[in-house]
Amino acid sequence: MADATELWPIPKFHFSVQIDGTDYAFQEVTGLKLNTEVIEYRVGNDPTFIKQRVPGLKKFENITLKKAMFKNDSVLYDWFMDVQKNFERRKDLIISLLDETAAPLFTWTITRAFPLSIAGPDLNSEGNELAMESLELAHEGLVMAKG
């Protein structure tokens, strides 16, 4: 018989993000998506006159990380600026969806990521929200694992 906790869907609000082994507090992560390109071909002697379709190269979506800004915290901006001069400064990320004890249920490992864009907050003198920054990353690999 299944454990009662296995019958309930997993909430998505408890997660962690590590960049090169350092934990960061992000409010939102999007883009954990893997696509496969399709290769179409037709064998010359195929009597059905139908193209066959097979999986091709993998293609990854960009990942966007959003977090609150803190006084004297410019680590994302510094990484973005560093990559503009040093293209090899890529980093690995581990994004984990956590259970109520902070143990990972699912983990996405992102390899050779680098910043494409960084965005500061929308400023509004009548607003009451936190100042948020976002970082868009390109990468060369995404692997999901249980636990």
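The present account deals with the structure reproduced in this document. (Residues numbered from 1 in each chain as written. Predicted model: local features only at pLDDT ≥ 70, side-chain atom pairs only at ≥ 80, totals over all residues. Heavy atoms only, no water.)

### A look at the overall build of the protein chain
The test is simple: Note on conventions: DSSP H or I runs of at least 4 residues are helices, E runs of at least 2 residues are strands, and numbering of each starts at the N terminus. Note on method: radius of gyration uses C-alpha positions; expected globular size equals 2.2 Å times residues raised to 0.38. For every residue, the accessible area obtained with a 1.4 Å probe (protein chains only) is divided by the maximum for its type, and the residue is called buried under 20%, exposed over 50%, and partly exposed between those limits.
Helices and strands together make up the secondary structure of the protein chain, namely one helix and 10 strands. Relative to the 2.2 N^0.38 estimate, which gives 15 Å for 147 residues, the radius of gyration of the protein chain is 20 Å and therefore markedly larger than a compact globule would have. By its C-alpha atoms, the protein chain is 70 × 55 × 35 Å across when sized along the principal axes. The buried share among the 147 residues of the protein chain stands at 23%.

### Observations concerning a nonpolar patch on the surface
Worth spelling out the cut-off: Grouping into patches uses exposed residues only, defined as over 30% relative accessible area, and leaves out salt-bridged ones; the cut-off is 9 Å for like charges and 5 Å for nonpolar side chains (Val, Leu, Ile, Met, Phe, Trp, Tyr). The protein chains shown are the only cover counted for residues, whose accessible areas, like all others here, come from Shrake-Rupley with a 1.4 Å probe. Here a salt bridge means any side-chain nitrogen of Lys or Arg lying within 4 Å of a carboxyl oxygen belonging to Asp or Glu.
Residues Ile39, Tyr41, Val43 and Val54 make up a contiguous nonpolar surface patch of about 300 Å² in total accessible area. By relative accessible area, which is 31% here, Val54 ends up partly exposed.

### Re the environment of Val38
Rule in force here: Only heavy atoms enter the contact rule, under which two residues are in contact if any of them lie within 4.5 Å.
Along the polypeptide, Val38 turns up in strand β4 (residues 34-41). For Val38, a relative accessible area of 46% corresponds to the partly exposed category. Along the chain, Val38 and Phe70 lie 32 residues apart, while their C-alpha atoms are 44 Å from each other. With residues up to four places along the chain from it excluded, the contact list for Val38 reads Arg53 and Val54.

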